[in-house]
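As a plain string of letters, each chain reads:
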Amino acid sequence: MPAPLPPTELYASERVVVLVSCVFSFVGSSLLVCTHALWPELRTRPRQLLLYLSLADLLSALSYFYGVLQDFDKTSWDCVLQGALSTFSNTSSFFWTMAIALYLYIAIVRGSPTGTGLLCGFHVVSWGVPLSITVAAVALKKIGYDASNVSVGWCWVNLDAEDRVLWMLLTGKVWEILAYVTLPVLYILIKKHINRAHAALSEYRPILSRAPAFQPRTSIADKKLILIPVIFIILRIWSTVRFILTLCNSPAVQNSVLVVLHGIGNTFQGGANCIMFVLCTRVVRTRLFSSICCCHYDELDWPLQRSDSYWQRPEPHKDKDVPGPERTKPLLSST
């Protein structure tokens with residue numbers, strides 16, 4: 001690998017933008033955690049996985065906020081600590097994001113049981129693997145000052161490490177690139193399965209009176225499923241671009257626009273999840289606004305105000321005309 005580029009200078013305006021992004025991500029992740037804690041009826045298994053993703057994003061936002069605020073110019077104890085925390089939380093966020101996609105694929109497409117065993121496996125992988133990698137990186141003194149060429153003020157892999165590229169891959173980039181491939185594939189398979197299920201269902205209920213009302217809800221749900229990998233890639237791609245530019249020793253890595261996009265992309269995941277699964281989910285949004293405005297929320301309306309997304313508890317299937325497989329494999333899985 002060529003000699004490292006000069007350090008990327010982080011301007012005050014860039015720092016402010018990224019710090020604001022960190023704050024939004026922190027608030028968004030906190031809101032997701034609070035809605036899960038306050039309203040037991042929202043505690044479906046996918047939202048439970050979303051809770052763990054939010055906890056990882058919460059820690060990530062805090063560590064990035066400190067790193068951008070400090071704008072490290074050398075390896076120090078707090079640089080190593082911040083780099084370790086951001087490495088662990090960021091990598092864990094990748095794993096939990098893929099875990100949610102894998103869960104939805106297993107539950108909706110395969111129709112397989114998704115009990116506590118699968119959840120335990122997700123915990124072992126999504127917390128254990130990032131923790132093992134981070135502990136190894138710290139123990140081997142691979143975490144430290146990175147000249148902001150592959151970050152935006154925070155610390156990551158030490159530039160003095162001879163095998164820095166290997167550790168950059170292990171502490172984030174391999175899992176990030178893997179998510180770029182895994183998420184679109186899983187969500188495309190889920191969407192294709194749902195479309196086939198809709199087509200099969202229409203054969204048995206061609207004159208179903210609820211069909212006009214049902215169609216827009218499923219359409220919104222499909223769009224949300226598509227947006228999950230799209231938003232992830234849009235946010236994360238900039239850090240991958242700067243990583244590749246660093247490997248190529250290109251001065252374009254210091255472009256101000258790229259730096260800001262990288263900073264926002266790495267720090268705004270919690271905010272994006274909040275927008276999708278709180279503000280854009282009708283049931284949660286209604287209950288949240290009712291709580292904020294101190295309005296009375298009628299619990300009897302809960303079943304009638306279900307969200308259009310896959311992130312709500314489904315109504316039990318009561319249609320006896322639909323064949324057996326359609327009963328055992330729900331069209332809109334409990335998400």
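Definitions and cut-offs
- Residues numbered from 1 in each chain as written.
- Predicted model: local features only at pLDDT ≥ 70, side-chain atom pairs only at ≥ 80, totals over all residues.
- Heavy atoms only, no water.
- Patch = residues over 30% accessible without salt bridge, like charges linked within 9 Å, V, L, I, M, F, W, Y side chains within 5 Å.
- Areas by Shrake-Rupley, 256 points an atom, 1.4 Å probe, with all protein chains shown as cover.
- Salt bridge = Lys/Arg side-chain N within 4 Å of Asp/Glu carboxyl O.
- Helix = DSSP H or I, 4+ residues; strand = E, 2+ residues; numbered from the N terminus.
- Core = buried A, V, L, I, M, F, W, Y, C linked by side-chain atoms within 4.5 Å.
- Buried < 20%, exposed > 50% of the residue type's maximum accessible area, 1.4 Å probe, protein only.
- Contact = heavy atoms within 4.5 Å.
- Phe/Tyr/Trp six-rings, centres within 6.5 Å; stacked < 30°, edge-to-face > 60°.

Visitor: Lay out a nonpolar patch on the surface in plain terms, naming residues and giving numbers.
Guide: Residues Val23, Phe26, Val27, Leu62, Phe65 and Leu69 make up a contiguous nonpolar surface patch of about 480 Å² in total accessible area. Contributions of two or more residues to the nonpolar patch are made by α1 (12–38) and α2 (45–70).

Visitor: Break down the nonpolar core for me, citing the residues and quoting the values.
Guide: Among the nonpolar cores identified, the biggest contains 42 residues, and Leu49, Leu104, Tyr187 and Ile190 are the most heavily contacted of them. Taken together, the elements giving at least two residues each to this core come down to α2, α3 (77–110), α4 (116–139), α5 (164–204), α6 (211–247), α8 (269–279) and α9 (282–292). The element best represented in this core is α3, accounting for 14 residues. Excluding its chain neighbours within four sequence positions, the residues that come into contact with Ile190 are Ala101, Leu104, Tyr105, Ile108, Val109 and Leu225. Leu19, Cys22, Tyr64 and Val259 belong to the second-largest nonpolar core, a separate cluster that totals nine residues.

Visitor: I'd like a description of the packing of aromatic side chains, backed by residues and values.
Guide: Here the distance between the centres and the angle between the planes together describe a pair of aromatic rings. As enumerated under the stated definition, the model contains eight aromatic pairs in all. Measuring from centroid to centroid gives 5.1 Å for Tyr52 and Trp96, while their planes differ by 40°, and the two rings are tilted. Here Tyr52, found in helix α2, pairs with Trp96, found in helix α3; they are 44 residues apart in sequence, far enough to count as distant. The same class applies to Tyr52 as to Trp96, namely buried. Aromatic side chains Phe94 and Phe232 sit 6.0 Å apart centroid to centroid with 80° between the ring planes, which places their arrangement in the edge-to-face category. Here Phe94, found in helix α3, pairs with Phe232, found in helix α6; they are 138 residues apart in sequence, far enough to count as distant. Under the relative-accessibility criterion, Phe94 is labelled buried at 1%. What makes Phe232 buried here is its relative accessible area of 2%. Through pairs of rings, three or more aromatic residues link up here, namely Tyr52, Phe88, Trp96 and Trp127.

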